[in-house]
Amino acid sequence: MSKRPPALFKAPTGIQGLDEITGGGLPAGRPTLICGSAGCGKTMLAMEFLVRGATQFGEPGVFMMFEENAADLTANVRSLGFDLDKLAQQKMILLDYVHIERSEIEETGEYDLEGLFIRLGHAIDSIGAKRVVLDTVEALFAGLPNHAILRAELRRLFRWLKDRGITAVITGEKGESTITRYGLEEYVADCVIILDQRISEQICTRRLRVVKYRGTAHGTNEYPFLIGERGFSVLPITSLQLDHKASVARVPTGIERLDEMLGGQGVFRGSSVLVSGSSGTGKSSIGAKFVDAACSRGEKALLFAYEESSAQIVRNMRSIGIDLEPWLKKGLLQIHASRPTLHGLEQHLVMMHDAVRSFRPAVVVADPISNLTFERREPEVKPTLMRLTDFLKQQQITTLFTSLNSGGGATLEDSQMGVSSLMDTWLLLRNVEFNGERNRTIYVLKSRGMAHSNQVREFVMSDEGVDLVDVYAGDDRVLTGTARVAQEAHERAADEVRQQDHRRKLLHLAGKRKAIEAQIAALQVEAESEAAEVNFAIAQETLLEKTALQNSKAMAHLRGGAAGSNGQAKG
């Protein structure tokens with residue numbers, strides 16, 4: 001058997017998502033080129049690579065800059081929580097600003113990197129650096145009009161870094177028709193990463209792509225990233241496989257009769273639930289009740305709101321008996337409220353990803369997902385939501401999404417932007433107008449893996465909370481609200497009349513039964529009296545016959561005795 005070749009040794013960046021995309025980090029002991037246009041985050045990414053290397057992996061680093069000084073850089077990255085002054089005092093990071101004056105280069109006409117090598121080598125040796133950042137490489141060659149000299153010096157720089165075994169990150173500006181301005185760096189670097197910042201419909205979107213990575217497999221797609229309070233955060237889309245666990249545990253929704261419709265126990269833990277309906281049907285109320293039930297069980301819940309502020313949500317839900325404020329104070333609930341226009345779709349996805357990673361909730365509610373896109377970009381919602389649902393399922397987080405059904409699609413599925421196929425459970429809320437009033441109904445369109453009700457229920461909200469009641473179904477019609485109440489009252493009255501009629505008939509029957517029983521008793525008495533008379537007559541006749549027989553026997557006896565005496569006397 002042939003031996004498997006050794007894997008390329010990599011230096012982890014410590015940046016969430018980037019290590020997963022690159023399969024472990026940047027190539028150790030080799031240069032990596034990070035390029036992009038102004039403001040895309042090159043310097044921030046390079047600095048975080050250096051800081052996390054020093055703080056998490058014990059690898060000191062040198063940051064050599066050519067455009068901004070150390071004081072400005074220290075102030076800029078302090079917002080990300082990086083204290084460069086402290087790391088410099090600990091000799092874990094060394095900041096070196098090299099000022100290059102183009103006019104001086106143009107006057108002398110001679111320029112090479114020998115002085116840079118000496119200066120950089122001294123900085124590396126002074127703290128035992130394992131990582132180096134050069135920001136930006138274009139500044140080094142601003143005065144070199146000859147591309148042949150430029151290529152030679154660039155190769156020499158990269159070879160010098162490799163010979164010293166330094167894991168280097170070099171930043172560069174994006175060119176018009178090439179990856180970098182001079183189109184040279186990408187050919188000599190072992191790893192090339194492009195950062196892109198684009199504007200679409202006045203919304204900024206940042207994306208990252210690994211163009212090449214010698215000697216190892218890597219993710220090749222574009223990945224959304226965000227520069228937030230905790231630094232860089234990249235969402236590795238292609239790494240989300242359908243290998244998550246399927247739990248058999250159930251999570252109550254907080255609405256008892258809705259749980260009954262879902263097999264009596266609620267939804268599966270780690271599943272995704274879609275609650276869709278038109279405006280005013282109660283989607284947000286179901287989401288708030290879902291969150292409230294989770295917090296009542298002592299579980300953490302995360303609510304992403306795109307229509308109302310946190311204070312407005314708390315106030316509005318209190319009117320229907322749902323008080324979320326205690327959970328906010330206890331730290332069991334976090335509400336992230338923002339306008340959809342704050343970020344692009346993928347930036348919202350990264351923010352949700354970061355919030356989930358940080359807070360580690362058991363339940364997540366997004367209200368509503370339909371607000372994350374404009375009509376022209378609705379096809380982007382499905383892949384974005386697919387990435388989010390896959391991530392949440394991997395974390396075994398139960399998720400409830402609400403979606404506004406505008407009714408503009410040809411079918412119900414069209415109006416849901418195709419996302420309903422991703423959901424394990426789909427609840428539909430509708431407004432029903434009848435008899436001059438509007439009421440709400442709810443039913444389960446689907447719920448994978450469980451027996452569920454196919455009945456329509458009326459969804460009722462009051463100051464005592466939210467609940468479901470049975471609708472009136474009969475005579476080919478469905479009644480809700482006051483029509484249902486009136487019909488039920490009418491049926492209760494009719495039932496009472498029937499009950500009274502039944503009692504009257506039963507009383508009449510009981511009277512008849514008693515009358516018949518009385519007649520039977522009288523006839524029995526009469527029969528017994530006649531039987532007694534007959535028995536008396538029979539006894540009387542029997543006694544007379546017996547008396548007559550006795551008299552006859554007595555007379556016969558007397559007559560027979562007189563004849564015998566006379567005969568004897570005569571003999």
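First, a word on what this report is: a plain description of the structure on this page. If you're wondering where the values come from, they're calculated on a predicted model, not measured in any experiment.

The secondary structure content of the protein chain amounts to 16 helices and 24 strands. By residue count, 45% of the 571 residues in the protein chain fall in the buried class. Taking all contacts inside the protein chain whose residues are at least 6 apart in sequence as the whole, residues at least 24 apart take part in 69%. Carbon and sulfur atoms form 51% of the exposed surface of the protein chain, whose accessible area is close to 29,500 Å².

Here we take up the side chain of threonine 402. Along the chain, threonine 402 turns up in strand β18 (residues 398-404). Using a relative accessible area of 0% as the deciding quantity, one classes threonine 402 as buried. A distance of 2.5 Å separates polar atoms of two side chains, one belonging to threonine 402 and the other to aspartate 367. Those residues in contact with threonine 402 that lie beyond four places of it in its chain are Val275, Lys283, Ala366, Asp367, Pro368, Ile369 and Ser370.

To continue, consider unusual backbone geometry. Of note, the amide linkage connecting aspartate 135 to threonine 136 takes the cis form, showing an omega dihedral of -5°. Mapped onto the fold, threonine 136 is located in the loop between β6 (131-135) and α7 (147-163). With a phi close to 55°, arginine 360 is a non-glycine residue in the positive phi region. Residue placement: arginine 360 occurs in the loop between α13 (345-359) and β17 (363-367). Positive phi, normally seen in glycine, also occurs at glutamine 396, with a value near 55°. In this structure, glutamine 396 sits in the loop between α14 (381-394) and β18.

Every buried residue belonging to helix α3 (residues 70-78) is among Leu73, Thr74 and Val77, and all of these are buried. The buried residues of α3 all sit within an arc of 100° when viewed along its axis, so they share a single face. In the core, the buried residues of α3 are packed alongside α2 (42-56), β4 (61-65), α4 (84-89) and β5 (93-97). Regarding α3, its N-cap is asparagine 69, as a side-chain oxygen of that residue lies 3.3 Å from the backbone nitrogen of alanine 71 further along.

This part takes up the environment of aspartate 367. Here aspartate 367 shows up in strand β17. Judged by relative accessible area, which is 10%, aspartate 367 ranks as buried. Each C-alpha atom, one on aspartate 367 and one on glutamate 307, is 7.6 Å from the other, the two residues being 60 residues apart in sequence. Those residues within four positions of aspartate 367 in sequence are excluded, and the remaining contacts are Ser284, Phe304, Ala305, Tyr306, Glu307 and Thr402.

With that settled, consider the side chain of serine 453. Mapping serine 453 onto the fold places it in the loop between β20 (437-447) and β21 (457-462). A distance of 3.0 Å separates a polar side-chain atom of serine 453 from the backbone nitrogen of glutamine 455. Not counting residues within four places of it along the chain, the set of residues in contact with serine 453 comprises Met261 and Val444.

Whenever strands of a sheet pair, they do so through backbone hydrogen bonds, lying parallel or antiparallel. With mixed pairing, nine strands are arranged side by side in an open sheet as β16-β15-β17-β18-β14-β19-β20-β21-β22. Pairing within the sheet leaves two strands with one partner each, and these edge strands are β16 (333-337) and β22 (465-470). Each strand axis lies, on average, 20° off the axis of its neighbour in the sheet, ignoring direction. As defined by bridge partners, strand β15 (residues 301-305) adjoins β16 across five bridges and the pair is classed as parallel. What sits directly across from phenylalanine 304, in β16, is histidine 336. The strands that helix α10 (residues 283-296) touches are β14 (272-277), β15, β16, β17, β18, β19 (425-434), β20, β21 and β22; relative to β18, the one it contacts most, it runs at about 165°. Strands in contact with helix α11 (residues 310-318) are β15 and β16; relative to β16, the strand with the most contacts, it is inclined by about 120°.

Glancing now at the nonpolar core. Within the largest apolar cluster, 39 residues are counted, with the highest numbers of intra-cluster contacts made by Leu258, Ile286, Leu324, Leu333, Ile442 and Phe459. In terms of residue count, α10 provides more of this core than any other element does, six residues in total. Of all hydrophobic cores here, the second largest spans 35 residues; its members include Leu26, Phe49, Leu87 and Leu195.

As a packed pair, α2 and α3 sit with axes 11 Å apart at the nearest point and diverge in direction by 85°. Put simply, α2 runs roughly perpendicular to α3. For the pair formed by α2 and α3, the contact residues are Thr43, Met44 and Met47 on the first element and Leu73, Asn76 and Val77 on the second. Here the residues of the contact of α2 with α3 are counted per class, giving four nonpolar, two polar and no charged.

Taken residue by residue, a regular strand's side chains alternate between the two faces of the sheet. Pairing between strand β10 (residues 223-228) and strand β11 (residues 231-234): four bridges, direction antiparallel. Note that in β11 the partner of glycine 228 across the bridge is glycine 231. What sits between the antiparallel neighbours β10 and β11 is a turn of two residues.

What follows is about the packing of aromatic side chains. The tally for this structure, following the rule as stated, stands at two aromatic pairs. Relative to tryptophan 160, the ring of phenylalanine 117 has its centre 5.2 Å away and its plane inclined at 10°; by these criteria the two rings are stacked. Of the two residues, phenylalanine 117 is situated in helix α6 (residues 114-127) and tryptophan 160 in helix α7; the sequence distance between them amounts to 43 residues. Of the two residues, phenylalanine 117 and tryptophan 160, neither departs from the other in class, the shared state being buried. Plain terms: the ring middles of phenylalanine 225 and phenylalanine 232 are 4.9 Å apart, the flat faces sit at 10° to each other, and that makes the pair stacked. With relative accessibility at 0%, the residue phenylalanine 225 sits in the buried group. Here the guanidinium or amino end of lysine 10 rests over the ring plane of tyrosine 213, the centre of that ring lying 4.9 Å away. Lying over the aromatic face of phenylalanine 359, lysine 300 brings its terminal NZ or CZ to 5.0 Å of the ring centre.

What follows concerns the pattern of salt bridges. Where side chains of opposite charge bring their charged atoms close, a pairing between them can arise. With the rule as written, the count across this model stands at 23 salt bridges. Linking glutamate 59 and arginine 131 is a salt bridge whose minimum nitrogen-to-oxygen distance equals 2.6 Å. Remark: arginine 131 occurs in strand β6 and glutamate 59 occurs in the loop between α2 and β4; sequence separation between them is 72 residues. Accessibility expressed as a relative area gives 22% for glutamate 59, which makes it partly exposed. Between arginine 119 and aspartate 96 there is a salt bridge; the shortest N-O distance is 2.9 Å. Of this pair, arginine 119 sits in helix α6 while aspartate 96 sits in strand β5, and the two are 23 residues apart along the sequence. Residue classification places arginine 119 among the partly exposed residues on the basis of a relative accessible area of 38%. Judged by its relative accessible area of 12%, aspartate 96 falls in the buried class. In this structure, a network of salt bridges that share partners links the residues Arg30, Lys162, Asp190 and Arg214.

Cut-offs and rules
Residues numbered from 1 in each chain as written. Predicted model: local features only at pLDDT ≥ 70, side-chain atom pairs only at ≥ 80, totals over all residues. Heavy atoms only, no water. Helix = DSSP H or I, 4+ residues; strand = E, 2+ residues; numbered from the N terminus. Buried < 20%, exposed > 50% of the residue type's maximum accessible area, 1.4 Å probe, protein only. Contact = heavy atoms within 4.5 Å. Areas by Shrake-Rupley, 256 points an atom, 1.4 Å probe, with all protein chains shown as cover. Polar contact = N/O pair within 3.5 Å; in protein donor to acceptor, adjacent residues only side chain to side chain. Arc of directions from axis to C-beta. Pairing = 2+ DSSP bridges. Axes fitted to C-alpha atoms, helices over the stretch in contact; angles between N-to-C directions. Core = buried A, V, L, I, M, F, W, Y, C linked by side-chain atoms within 4.5 Å. Parallel < 35°, antiparallel > 145°, perpendicular 65-115°, else oblique. Nonpolar A, V, L, I, M, F, W, Y, C, P; charged D, E, K, R; others polar. Phe/Tyr/Trp six-rings, centres within 6.5 Å; stacked < 30°, edge-to-face > 60°. Lys NZ or Arg CZ within 6 Å of the ring centre and 35° of its normal. Salt bridge = Lys/Arg side-chain N within 4 Å of Asp/Glu carboxyl O.

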